[in-house]
Amino acid sequence: MGMRRWTSMLALTLGACQSVEGTVNTDDGTTDTDTTVDTVDVTDTDVTDSAVFTAVDCTDTTTTLEAVVCATEGFLATLSDDERAEAVYDLSDTTSRTLWSNLPTGGKARAGLRLEDMSDASRAAAEQVAATVLSDAGYADYVGVRAADAYLASSSGGGGGYGDGLYYVAVFGTPSVTEDWALMIGGHHLAYNVAWVDGVGYPTPNHIGSEPKASFTLGGETYAPVVTEGAAFAAVFQALDSDVLDDAFLGTVMADVLLGPDEYGTGSTAAVQYPTGSQRQGVLVSELSTDDQALVQTAIGQWVQDFDGEISDALMADYLSTEALADTYIAWTGTRSSGPDVEVAGTYFRIDGPRLWLELACQSGVILRNETHYHAIWRDKQFDYGGEL
Amino acid sequence: MTPPLAALLLYGGVALGHPALSSALRLDVGVDAVDVELQLPADQLAMARERRADPVDPLPGPEVLAPWVASHVHLDDARGTALVGTVTGQRWAQIDGASHLVVTLRFDVPPEADLSTLWVEDDAISSVVASHKTWVTWGTDVAMGRLDAAPVVVGVVSSTVPALRVDRVGAGPMRGLRAAFALGAVHIAEGTDHLLFLLTLLLAAPLVAVRGHWAPRDNARAAVGRVLAIVTAFTVGHSVTLALGAVGAAALPGAVVESAIALSILVSAIHALRPLRVGGEAWIAGAFGLLHGLAFASALAGIGVDRLSLVTALVGFNLGIEAAQLAVVAVTVPALLVLARGPFGTAWRGLAAGGAIVASTAWLAERALGVTNPVAPWVDGLRDHALVAVVLLYLLAALGSVRGAGRTTMGAGVEA
């Protein structure tokens, strides 16, 4: 299967800056071409799908959505009737659409068919579905998060509740280029929810986490699914002057992300309550230096650009528009004296924009108790589940 | 009282445990009072207390923690007026494998309060630990027709949702009465054993005991009077213990009550074959009614935060039982009267009483001795075929009438 070595990705650095003049589609549908942002080139945010998956022949497709539909149809074709009944739901089955969590699947059920229970052919097709909707960097994260669970399974105190096969694939509605449908892939520390509405892909809510959070080796392969994510987010705060860091410090304790899987099994986003008004705290991105704003952009890209460019380009443009950045706060909490240190349990980062909601929490390990691990959540205040729930 | 070891371990070693546990707040709403039970995970509570109360000793004894927690829990009525709460209990408990502080509070509801909306606030932990959430559940609430003690989730209180609204529009005693009435009626309709006891006793109602045997009563009015006496005695008996059981003044282990109910059917079946006591049906009905009432009380276990809620539930539930019971009697007794006086009277009584003996023996074996058998569930399943049973009963009665009319005299006199 398409597991790529991570050693090459570890060589990535955050650094080389380049200036990009982007075309930005603003909320009101007009085109804004004057947004010039210094960006950090992180190869991890490569949005092309260079790897070749051949489980399903989708060579005739041109757009990513066509390729995703093709791969998903191919995946469904490999399933028996019973398996298909487990994997496919009505798009209106909102209860199942909200069945995801950060927790291991033993404690919290997921919608869909489990990788471990699939035939080799189905599993290969499922990999192709994931690889098609995700960018190369995103797919590497997907493989890495599952590898981390296999690592926990082999660790002392880990065991049966963990494993890289305990991940689920669910299809809501009928894969289509024109009709609305949705895809869910997830398990422990992983939740991909991609909804297509009128042919536009919306990839949130998105949860990613990993224990261990550092790179690790398993079966001769090295993985680091959240290393660049954590480093990019921490870099935003590490770059701040002490007084700005003070202003961005929340002071509260964050034992986890604020808006985790609050809608679990409820079938609606009503339980997800974003801070409003004076509850929104931190420092506005628009008030940061150009260099610091570039670091924010890089951090956001670590999540958004895990998805194929056909999905992520419009989101990046919207999240980073001048109007958006004037209403986007960065905030952190933890131990003020330690600074924004991801090795300290309780360290927490947040980016809170008009649409974007991104959090990273550093918690003590459950199995690997002497190190912290990450929980992250990326939500879109308007378009979680395609804005349909 | 010291915290259990788990609390110390959680707090001492791991400042930020995982998964971050939530608090749980349960509401049981009455007329004069609202009961709250709050479960707070010890590790998260320690984080909050460390910042807000006592950095050196964040988790002292429950009796110190409870008033502190209470000061962070608020209930407001629809007008925003705060209800006054007092701590009624506190303890450490292991819940889902983690140490929790359990605090119970009682909020008094003054007569002028408007509980059409209840606002719930709890920032004991979330005022410091912003990621913390309190799941609010709703247990019993007689005035809202909530008689089932199993709570439902209302929502979550958190740092972003500091007050959760509990909608109680339409609450009132009539709503509670209606729900309790329906619960009582369903309880009888589904309680095959209660009905079988009553119906078996009624087998002998149209007869009179003469020298240790049953003889038909000449007077139909007397037979009806006998039926009324039996039903009334049963009602008085079970009403007394239902009330006593619901207030907790009378209780027997469930297995004992259930076994005794099976025994009551056996006794009444034997009585239907040969009178155990002259005019004894009413006594049997009343005495065993006391036991049946204890079983009814278990359906109301834990209901009613205060006396008024309890009385409402009790009255409605009992009325539901009586209504369902009278409906069954009204439907079956005419056929029973005709059958008893007809040519098949003795054979019918023997058949019916025999069936009751088999059923009650099967239940006794299951309930008292734990011997599972195919008969007990089969009898339980008969309630799904009540209509068929009633039709058969009337066909049998009609057949008896036709045969009886063909004879010159009714089979009067003492049975052989």
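Remember, it's a predicted structure, so these values are computed and weren't measured experimentally.

Further remarks concern the overall build of chain A. When helices and strands are counted, chain A shows 11 helices and 18 strands. Long-range contacts, defined here as pairs at least 24 residues apart, represent 67% of the contacts in chain A between residues at least 6 apart. Just so you have it, chain A exposes about 14200 Å², and 48% of that area is on carbon and sulfur atoms.

How big an interface is tends to be stated in terms of the accessible area lost upon association of its parts. Between chain B and chain A, the contact holds 18 residues from the first and 25 residues from the second. Across the chain B/chain A interface, buried area totals approximately 1700 Å², and carbon plus sulfur atoms make up 61% of it. Between B:Lys133 and A:Asp262 there is a salt bridge, and its shortest N-O distance comes to 3.5 Å. One can count 8 residue pairs in polar contact (both at pLDDT 80 or more) joining chain B with chain A. At the level of elements, α2 (42-52) and β7 (133-141) of chain B are the ones that each hand at least two residues to the side of chain B that touches chain A.

Let us look at the pattern of salt bridges. Opposite charge on two side chains permits pairing when their charged atoms draw close. Residue and element names in this part refer to chain A. Under the defined criterion, the tally for this structure stands at 23 salt bridges over all chains. The closest approach of N and O atoms between Arg 84 and Asp 81, which form a salt bridge, is 3.2 Å. Of this pair, Arg 84 and Asp 81 both sit in helix α3 (residues 81-87), 3 residues apart, roughly one helical turn. Classification of Asp 81 by relative accessible area gives exposed; the value is 59%. Glu 116 is the partner of Arg 114 in a salt bridge, and the nearest nitrogen-oxygen pair spans 3.6 Å.

Residue and element names in this part refer to chain A. Tallied over the full model, the rule gives 19 aromatic pairs over all chains. Relative to Tyr 142, the ring of Tyr 139 lies with its centre 5.9 Å away and its plane at 50 degrees, an arrangement referred to as tilted. Of this pair, Tyr 139 and Tyr 142 both sit in helix α6 (residues 136-153), 3 residues apart, which is roughly one turn of the helix. As far as burial versus exposure is concerned, Tyr 139 and Tyr 142 are alike and both buried.

Turning our attention to the layout of surface pockets. Where empty space is left in the structure can be found by rolling a water-sized probe over the atoms. All names here are of chain B. Computed from the structure, the largest pocket encloses a volume of approximately 1200 Å³. Lining the largest pocket are 32 residues, with Leu 196, Leu 199, Trp 348, Leu 382 and Ala 389 sitting closest to its centre. Elements that contribute at least two residues to the lining of the largest pocket include exactly α5 (192-202), α9 (307-341), α10 (345-369), α11 (375-381) and α12 (386-405).

To continue, consider the state of the cysteines. Residue and element names in this part refer to chain A. Taken as a whole and judged by the stated rule, the model has 1 disulfide over all chains. Note that Cys 58 is cross-linked by a disulfide to Cys 70, the S-S spacing being 2.0 Å. Taking the sign of the S-S torsion, -90 degrees for the link of Cys 58 and Cys 70, the bridge is left-handed. With Cys 58 in the loop between β4 (36-40) and α2 (64-77) and Cys 70 in helix α2, the pair connects residues that are 12 residues apart, well separated along the chain. For Cys 58, a relative accessible area of 13% gives the class buried. Under the relative-accessibility criterion, Cys 70 is labelled buried at 15%.

Residues and elements named next belong to chain A. Turning to its location among the elements, Asp 149 is positioned in helix α6. Arg 110 provides the closest opposite charge to the buried, salt-bridge-free Asp 149, at an N-O distance of 8.4 Å. A polar side-chain atom of Asp 149 sits 2.6 Å from a polar atom in the side chain of His 188. Ignoring anything within four residues of it in the chain, the contact list for Asp 149 reads Tyr 162, Gly 163, Tyr 167 and His 188.

Residues and elements named next belong to chain A. In total, this model carries 5 cavities of 30 Å³ or more according to the counting rule given. Its volume calculated, the largest cavity comes out at about 50 Å³. Lining of the largest cavity is provided by Arg 97, Phe 172, Ala 182, Leu 183, Met 184, Asn 193, Val 194, Ala 195 and Tyr 385. At the level of secondary structure, the elements contributing two or more residues to the lining of the largest cavity comprise β8 (181-187) and β9 (190-197). Its residues assigned to classes, the lining of the largest cavity comprises 7 nonpolar, 1 polar and 1 charged.

Another aspect to go through is the environment of A:Val56. Residue and element names in this part refer to chain A. Secondary-structure assignment places Val 56 in the loop between β4 and α2. What makes Val 56 buried here is its relative accessible area of 12%. Considering only alpha carbons, one finds Val 56 and Gln 128, 72 residues apart in sequence, at a separation of 7.5 Å. In this view, Val 56 contacts Cys 70, Ala 71, Gly 74, Phe 75, Ala 125 and Gln 128; residues no more than four positions away in its chain are not counted.

Before going further, it helps to examine the sheet that holds β7(B). Residue and element names in this part refer to chain B. Judged by pairing direction, the sheet is mixed, and its 6 strands sit side by side in the order β4-β5-β2-β1-β7-β8 without closing on themselves. Where the open sheet ends on each side, the last strands, each with one partner, are β4 (84-95) and β8 (152-158). The sheet shows a mean angle of 20 degrees between the axes of neighbouring strands, direction not considered. In this sheet, strand β5 (residues 98-108) lies alongside β4 in antiparallel orientation, the contact comprising 11 bridges. Bridge assignment links Val 84 to a residue of β5, and that residue is Asp 108. The strands touched by α2 are β2 (33-41), β4 and β5; relative to β2, the strand with the most contacts, the crossing angle is about 90 degrees. Running at roughly 125 degrees to β4, helix α3 (residues 62-70) makes contact with β2, β4 and β5 of the sheet.

On to the sheet that holds strand β6 (residues 117-122) of chain B, then. All names here are of chain B. Here 3 strands make up an open sheet; going across it, the order is β3-β6-β9 and the pairing antiparallel. Each edge of the open sheet is held by one strand with a lone partner, namely β3 (73-76) and β9 (163-167). Each strand axis lies, on average, 20 degrees off the axis of its neighbour in the sheet, ignoring direction. In terms of strand pairing, β3 meets β6 through 4 bridges, oriented antiparallel. Bridging across to β6, Val 73 finds its partner in Asp 122.

Residues and elements named next belong to chain A. By the criterion of burial, strand β7 (residues 168-172) is predominantly enclosed, with 5 of the 5 residues buried. Burial of the side chains of β7 extends over both faces: Tyr 168, Ala 170 and Phe 172 are buried on one face and Val 169 and Val 171 on the other. Direction of pairing for strand β5 (residues 88-89) relative to β7: parallel, over a ladder of 2 bridges. Residue Tyr 89 lies in a different strand from β7, and its bridge partner there is Phe 172. Judged from the 2 bridges that link them, strand β6 (residues 113-114) and β7 form a sheet pairing that is antiparallel. Paired with Leu 113 across the two strands is Val 169, which belongs to β7. The pairing of β7 with β8 spans 5 bridges and is classified as antiparallel. Paired with Tyr 168 across the strands is Gly 186, a residue of β8.

What counts and what doesn't
- Residues numbered from 1 in each chain as written.
- Chains lettered and ligands numbered in written order.
- Predicted model: local features only at pLDDT ≥ 70, side-chain atom pairs only at ≥ 80, totals over all residues.
- Heavy atoms only, no water.
- Helix = DSSP H or I, 4+ residues; strand = E, 2+ residues; numbered from the N terminus.
- Contact = heavy atoms within 4.5 Å.
- Areas by Shrake-Rupley, 256 points an atom, 1.4 Å probe, with all protein chains shown as cover.
- Buried area = accessible area lost by both parts, 1.4 Å probe.
- Salt bridge = Lys/Arg side-chain N within 4 Å of Asp/Glu carboxyl O.
- Polar contact = N/O pair within 3.5 Å; in protein donor to acceptor, adjacent residues only side chain to side chain.
- Buried < 20%, exposed > 50% of the residue type's maximum accessible area, 1.4 Å probe, protein only.
- Phe/Tyr/Trp six-rings, centres within 6.5 Å; stacked < 30°, edge-to-face > 60°.
- 1 Å grid on protein atoms, 1.4 Å probe; cavity = no way out; pocket = protein on both sides within 12 Å on 5 of 7 lines; lining within 4 Å.
- Points joined across faces, edges and corners; volume = space filled by probe spheres on them.
- Disulfide = S-S within 2.5 Å.
- Lys, Arg positive; Asp, Glu negative; His and termini not counted.
- Nonpolar A, V, L, I, M, F, W, Y, C, P; charged D, E, K, R; others polar.
- Pairing = 2+ DSSP bridges.
- Axes fitted to C-alpha atoms, helices over the stretch in contact; angles between N-to-C directions.

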